[in-house]
Amino acid sequence: MGKASERRQRWRFVGAAGLVIILAATLRPEPDQTRAAEATPLWCLVCGDHGGVDVINNILLFIPFALGLRLGGVPRKTVLLAGAASSLAIELLQLTVIAGRDASLSDVLTNSLGTGVGALLADYGSTLLHPSERRARVLAASAAVLWLGLQGLTAVLLRPWIPDGPLRSEWHPDPPGRVPFTGELLSAQVAGLAVPDGEVPAQDQLPTRLAAGMLEVEIQITSAAAQSKWSSVYQLVGQRGTLLLVEAFRGHLIFQPPSRAQALRLRSPRLLIADALSQRRSEIRLVAGERNDTVWARSAPRDIRAVYPLSPSQSWTLISPFTYTSGRATRIITAIWLALALVPIGYWLTRAFPGAGVLGVSALLLTLGLGVVPLLFGYPSDQWSEWVGGALGLGAGCAVGNGGSYFGKRCDSPSIRESC
């Protein structure tokens, strides 16, 4: 078997592994989500509070599958048909057999789009991995602009937001996928306004108070036994879904402020108030809000405090496929996210600017993305872990680019070309 055949075999294995991941992610029964699945229209395109998240993740899910098949030598049309047929089969199984999974036209379309993206990446793989110096500059500049644009977009989407239109206050809500809260909600205020169950008096004042920096919720509850499943304590709902939210999980409270990300049906920041419900049947007062680009909370009588500094680099939180809450791992995940995002930019920069020039360009890019963009949108730029993650990502990309250049030149030598 020649080296080309071995290479195709490896890529077909990648395609097969991608299919296994797809099946594991889409055919796992979720009985707790049965009500949510039944409420999702079959012809829906962007469905539910997190429909934007689903669209993005459905596209990403099928890229490795298509990339592996295409680089494994499968014709483009066959790859596209395989992606569409696999998605349609999965949706039919979700509709008829798999409990708690919501089949929709959106999934078929976005999965097929992901297949097309994977096939396209495979077709242009040689150009992406071995660009000329001129093309490498175009790729590096395009990727850098894309990353800087993502930083700016995330900065906007993390801002507090209340949409126009009627608002509904819900005590002890029972949304799909949640169990009832076993404690009792005694009172609730949002932005200093009392919000009884079912209506929001003077709701036209909320946007004004929000613009003045008064995003704050205050609730009083009686504690409850720790539950192994998520339960909703309080939520403020607009025409397009849940905005502000307080939930309970395993003795903890979770606060979600409203953000502009919800306009695109993406996730909002979520702050964990650890062990706030550890005292059973005691009366607890929770005050939480967002101020100066920091989500904060405190609970009494135990005086438990929590803070979550927001950052334009936290774009991963907007599209996470899993429900997450901020904690110690948030900064680590953000640093890893930055490193992964900047690896290809570092790779193309090395190809575009051979020699020491790549250091200056890399430093400029980091300064723009982690220093200038946050300051332009009013965020602090002092999270050192982001700078470390960004520098490591660019450095790793540069190292791989230098290694690729070295081996490329080495393989040009007639005496050792056969071993490459």
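Source: prediction; values computed, not measured.

Digging into the pattern of salt bridges
Tallying each qualifying case throughout the model produces ten salt bridges. Among the salt bridges present, the one from D123 reaches R76, with a minimum N-O distance of 2.8 Å. On the criterion of sequence distance, the pair formed by D123 in helix α5 (residues 105–123) and R76 in helix α4 (residues 76–96) is long-range, its members being 47 residues apart. Assessed through its relative accessible area of 29%, D123 is described here as partly exposed. Of the residues examined, R76 reaches a relative accessible area of 43% and is grouped as partly exposed. In this structure, R291 engages E216 in a salt bridge whose closest nitrogen and oxygen atoms are separated by 3.7 Å. Of this pair, R291 sits in strand β10 (residues 283–291) while E216 is found in strand β5 (residues 216–222), placing the two residues 75 residues apart along the sequence.

Considerations on the environment of T222
Assignment of secondary structure puts T222 in strand β5. Residues T222 and D293, spaced 71 residues apart in sequence, show a C-alpha to C-alpha distance of 30 Å.

Comments concerning the sheet that holds strand β3 (residues 184–190)
Taken in spatial order, the six strands of this open sheet run β4-β3-β5-β10-β11-β12, and their pairing is antiparallel. In this open sheet, the two strands that pair with only one neighbour each are β4 (193–194) and β12 (304–309). Relative to β12, strand β11 (residues 294–300) runs antiparallel, the two sharing six bridges. By the bridge assignment for β12, R298 is matched with R305.

Some thoughts on the state of the cysteines
Scanning the entire structure with this criterion turns up one disulfide. Disulfide pairing is shown between C44 and C47; the S-S distance is 2.2 Å. Taking the sign of the S-S torsion, -135° for the link of C44 and C47, the bridge is left-handed.

Describing the confidence of the model for the protein chain
Low pLDDT marks stretches whose predicted atomic positions should not be read closely. Counting all residues, the mean pLDDT for the protein chain is 87, and 92% of those residues have values of 70 or more. In this model residues 406–420 is a low-confidence stretch, pLDDT under 50, and it forms eight contacts with partners more than four residues away in sequence or in other chains.

A closer look at the pairing of β5
Taken together, the six bridges between β3 and β5 define a ladder with antiparallel strand orientation. By the bridge assignment for β5, S187 is matched with Q220. Here β5 runs beside β10; their pairing, made up of seven bridges, is antiparallel. If you follow T222 over to β10, its bridge partner there is E283.

Side note on a nonpolar patch on the surface
Judged by side-chain polarity, L42, W43, L45, V46, L88, L92, L95, L105 and L109 come together as a nonpolar surface patch covering roughly 870 Å² of accessible area. Every element with two or more residues in the nonpolar patch is listed here: α4 and α5. For the nonpolar patch, the element with the most residues is α4, which contributes three residues. Assignment of secondary structure puts L92 in helix α4.

Some thoughts on the packing of aromatic side chains
Enumeration according to the criterion identifies three aromatic pairs in this entry. Between the aromatic rings of F62 and F65, the centroid separation amounts to 6.2 Å while the plane-to-plane angle is 90°, which identifies the pairing as edge-to-face. With F62 and F65 both in helix α3 (residues 51–71) and three residues apart, the pair spans about one turn of that helix. Comparing F62 with F65 shows no difference in burial state: the two are buried. Judged by centre distance (4.5 Å) and plane angle (10°), the ring pair of W230 and F249 falls under stacked. Residue W230 is located in the loop between β5 and β6 (231–238), and its partner F249 is located in strand β7 (residues 241–249); the two are separated by 19 residues in the primary sequence. Each member of the pair, W230 as well as F249, is classed as buried.

Regarding the pairing of β3
Pairing of β3 with β4 involves two bridges; the strand directions are antiparallel. Across the sheet, residue V190 finds its bridge partner in β4, namely L193. Where β3 folds back onto β4 in an antiparallel hairpin, the turn is made up of two residues, including A191, whose phi is positive at roughly 55°.

Some details on the nonpolar core
Proteins that are soluble and globular tend to have nonpolar side chains buried together. Counting residues in hydrophobic clusters, the biggest one holds 50 residues, and the most contacted among them are V190, I219, I221, Y234, L236, L253 and I273. For this core, the leading source of residues is β7, giving four residues. Beyond its immediate chain neighbours, meaning those up to four positions away, L236 contacts I162, L167, R168, S169, V190, V200, L206, T242, L243 and L244. By size, the runner-up hydrophobic cluster in this structure holds 17 residues, among which are W147, L338, L342 and L370.

Overview of the environment of A191
Within the fold, A191 resides in the loop between β3 and β4. With a relative accessible area of 5%, A191 lands in the buried category. Sequence-distant contacts of A191, defined by excluding residues within four places in its chain, comprise L206, R209, M214 and E216.

Thoughts on the packing of helix α1 (residues 3–26) against α3
For the pair α1 and α3, the least separation of the axes is 7 Å and the interaxial angle reads 155°. Judged by the angle between their axes, α1 and α3 are roughly antiparallel. With respect to the hand of their crossing, α1 and α3 are arranged in left-handed fashion. Residues R8, W11, R12, V14, G15, G18, L19, I21, I22, A25 and T26 of α1 touch α3, and the partners they reach there are L61, F62, P64, F65, L67, G68, L69 and L71. Here the contact of α1 with α3 is built from residues that sort into 13 nonpolar, four polar and two charged.

Cut-offs and rules
Residues numbered from 1 in each chain as written. Predicted model: local features only at pLDDT ≥ 70, side-chain atom pairs only at ≥ 80, totals over all residues. Heavy atoms only, no water. Salt bridge = Lys/Arg side-chain N within 4 Å of Asp/Glu carboxyl O. Helix = DSSP H or I, 4+ residues; strand = E, 2+ residues; numbered from the N terminus. Buried < 20%, exposed > 50% of the residue type's maximum accessible area, 1.4 Å probe, protein only. Pairing = 2+ DSSP bridges. Disulfide = S-S within 2.5 Å. pLDDT = per-residue confidence, 0-100. Contact = heavy atoms within 4.5 Å. Patch = residues over 30% accessible without salt bridge, like charges linked within 9 Å, V, L, I, M, F, W, Y side chains within 5 Å. Areas by Shrake-Rupley, 256 points an atom, 1.4 Å probe, with all protein chains shown as cover. Phe/Tyr/Trp six-rings, centres within 6.5 Å; stacked < 30°, edge-to-face > 60°. Core = buried A, V, L, I, M, F, W, Y, C linked by side-chain atoms within 4.5 Å. Axes fitted to C-alpha atoms, helices over the stretch in contact; angles between N-to-C directions. Parallel < 35°, antiparallel > 145°, perpendicular 65-115°, else oblique. Left-handed = near helix turned anticlockwise from the far one by under 90°. Nonpolar A, V, L, I, M, F, W, Y, C, P; charged D, E, K, R; others polar.

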